[in-house]
Amino acid sequence: MTTLVPRRTTTAAALGLVGALVLAACANPTDGGTAEVAATPGNETKINISPDQNRVTTGKVDSIAAEVPERIRRRGTLELVASSGSAAPLTFYATDNRTVIGVEPDIAHLVADVLGLKAHLNTVSWENIFVGLDSAKYDAGLSNITVTEERKEKYDFATYREDNLAFEARKGSGLKVTGPQDVAGKTVAVGSGTNQEKLLVEWSAENKKAGRKPVDIKYYQSDSDTYLALQSGRIDLYLGPNPTAAYHAATTGRTEVVGTYSGAGARLQGLIAATTKKDSGLAEPLADALNHIIDNGTYAKVLKRWGLSGEAVTRSEINPPGLPKTGS
């Protein structure tokens, strides 16, 4: 694998139990639908999981809005897409089981505010995000999409959050994951077509090469199926986004995060980005809008309200180094 230079804008370790999301309690149905979260231990805050979101907003910036391709400006809406399979606190349904909420929708609405457009959020299956971007049905995806070198061949990226992955196990399992050797011979669930899957496949191959047992990789149709398999002992671990794993562990009390890893591998901090079709003309205005909300403080407010302050970036970058291709 080619040695990669660590990003200058982040300091998160690639391995270790990094607490990008710390949660303190379950949702409380008696107070209107809230959950307690904390960006740092001992600093708890309640987040709103009801349909009445009262989102953070910001104003239009004419100079940035003018960068948006004319066809989108004429339409007046920014067609955004996220995965219907996401989970709290990324993209999920409010207590009415209908209203889409989370950190991704909040950032999407802020970006649309800056661009003077109305955010229209579409939720589809993971693979249909990219089908829709390819056909120009959607302008951009904001769905915990990791920058990878392979994806950069078809898409442009404007980064807005660090990407950390987590291994989740049954509480009290005694498992700890710090590298490939810790998952040798283990049964691990992962989402198909994700960068988590790519990393897990590479770890399994590394184990085989070292004479250890490969990983028994499993795929499930939904998070509920995955967690049922985890609780029943049919799988040992689930590898997914750190924010959702930490949220699930804290709000159920039945699982725990037993290891974390950068979404871009051991030598590079992974990054989450707004994703557009290659050369669509949207990457620059999206990055400029993201940098504007970083500068004016509304970005920090959004991350704080969802307990994700630990995954903040200092600047949005267009097409930075991403998860390397297999064998590179």
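Residues numbered from 1 in each chain as written. Predicted model: local features only at pLDDT ≥ 70, side-chain atom pairs only at ≥ 80, totals over all residues. Heavy atoms only, no water.

Participant: Is there a simple way to think about the overall build of the chain in this case?
Facilitator: Tallying secondary structure elements over the chain gives 9 helices and 14 strands in all. Burial statistics for the chain: of 328 residues in total, 54% are counted as buried. Pairs at least 24 apart in sequence give 76% of the contacts found in the chain among residues at least 6 apart. Total accessible area computed for the chain in this model is approximately 14,100 Å², and 50% of it derives from carbon and sulfur atoms. (Helix = DSSP H or I, 4+ residues; strand = E, 2+ residues; numbered from the N terminus. Buried < 20%, exposed > 50% of the residue type's maximum accessible area, 1.4 Å probe, protein only. Contact = heavy atoms within 4.5 Å. Areas by Shrake-Rupley, 256 points an atom, 1.4 Å probe, with all protein chains shown as cover.)

Participant: Can you help me understand the nonpolar core in this one?
Facilitator: Within soluble globular proteins, side chains that are nonpolar generally end up buried alongside one another. Ranked by internal contacts, the top residues of the largest apolar core, which has 57 residues, are Leu78, Ile107, Val111 and Leu115. Elements supplying a minimum of two residues to this core: β4 (77–83), α3 (103–115), β7 (118–124), α4 (126–134), β9 (155–170), β14 (270–277), α8 (283–296) and α9 (298–305). If you tally residues by element for this core, the top one is α3, at 8 residues. Ignoring sequence-local partners within four residues, the contact set of Leu115 consists of Lys60, Ile64, Ala65, Val68, Leu78, Pro285, Leu286 and Ala289. With 19 residues, the next largest nonpolar core counts Leu200, Tyr261, Ala264 and Leu268 among its residues. (Core = buried A, V, L, I, M, F, W, Y, C linked by side-chain atoms within 4.5 Å.)

Participant: It is not clear to me how the pattern of salt bridges should be interpreted in this structure. Could you clarify?
Facilitator: Side chains that differ in charge, positive against negative, can pair when their charged atoms come close. Tallied over the entire structure, the rule returns 15 salt bridges. With its nearest N and O atoms 3.8 Å apart, the salt bridge here joins Asp139 to Arg71. Residue Asp139 is found in the loop between α4 and β8 (140–141), and its partner Arg71 is found in helix α2 (residues 70–75); the two are separated by 68 residues along the sequence. The partly exposed category is assigned to Arg71, whose relative accessible area is 40%. Each of Arg55, Asp106 and Arg305 takes part in one network of salt bridges that share partners. (Salt bridge = Lys/Arg side-chain N within 4 Å of Asp/Glu carboxyl O.)

Participant: Looking at this structure, I do not really get the packing of aromatic side chains. What am I missing?
Facilitator: Following the criterion strictly, the structure yields 7 aromatic pairs and no others. On the basis of an interplanar angle of 85° and a centroid distance of 5.8 Å, the ring pair of Phe92 and Trp306 is categorised as edge-to-face. With Phe92 in strand β5 (residues 92–93) and Trp306 in the segment after α9, the pair connects residues that are 214 residues apart, well separated along the chain. When its relative accessible area of 13% is taken as the criterion, Phe92 is described as buried. With 5.0 Å between their ring centres and 85° between their planes, Trp203 and Tyr261 make a pair best called edge-to-face. (Phe/Tyr/Trp six-rings, centres within 6.5 Å; stacked < 30°, edge-to-face > 60°.)

Participant: Looking at this structure, how should I read α4?
Facilitator: One turn of the α-helix equals 3.6 residues, which is why residues spaced by three or four share an orientation. Taken together, the buried positions of α4 are Trp126, Ile129, Phe130, Gly132 and Leu133. When α4 is viewed along its axis, its buried side chains cluster within an angular range of 160° and face the same direction. Buried positions along α4 lie against β4, β7, β8, β9 and β14. The positive-phi residue at the C-terminal boundary of α4 is Ala136, with phi of around 65°. (Arc of directions from axis to C-beta.)

Participant: What is the right way to read the pairing of β14 from this model?
Facilitator: When a strand is regular, its side chains alternate between the sheet's two faces. Judged by how many residues are buried, β14 sits mostly within the fold: 7 of 8 residues are covered. As defined by bridge partners, β9 adjoins β14 across 8 bridges and the pair is classed as antiparallel. Counterpart to Asp156 in the pairing with β14 is Thr276. (Pairing = 2+ DSSP bridges.)

Participant: Quick question: what am I supposed to make of the pairing of strand β10 (residues 187–190) here?
Facilitator: Neither face of β10 is exposed, since Thr187 and Ala189 on one face and Val188 and Val190 on the opposite face are all buried. Pairing geometry for β10 and strand β11 (residues 216–218), over 3 bridges, is parallel. Its bridge partner being in β11, Ala189 is matched across the sheet by Lys218.

Participant: Got a minute to help me understand the packing of α3 against α8 in this structure?
Facilitator: Packed helix pairs are characterised by how far apart their axes lie and by the angle those axes make with each other. Interaxial distance between α3 and α8 falls to 9 Å at its minimum, and their mutual angle equals 105°. If you check the angle between α3 and α8, you find them roughly perpendicular. For the pair formed by α3 and α8, the contact residues are Ile107, Leu110, Val111, Val114 and Leu115 on the first element and Pro285, Leu286, Ala289, Leu290, His292 and Ile293 on the second. Tallied by class, the residues present in the contact of α3 with α8 amount to 10 nonpolar, 1 polar and no charged. (Axes fitted to C-alpha atoms, helices over the stretch in contact; angles between N-to-C directions. Parallel < 35°, antiparallel > 145°, perpendicular 65-115°, else oblique. Nonpolar A, V, L, I, M, F, W, Y, C, P; charged D, E, K, R; others polar.)

Participant: Is there a simple way to explain the environment of His120 in this structure?
Facilitator: Secondary-structure assignment places His120 in strand β7. Each C-alpha atom, one on His120 and one on Leu78, is 5.9 Å from the other, the two residues being 42 residues apart in sequence. Setting aside residues up to four positions removed in sequence, His120 forms contacts with Leu78, Glu79 and Leu80.

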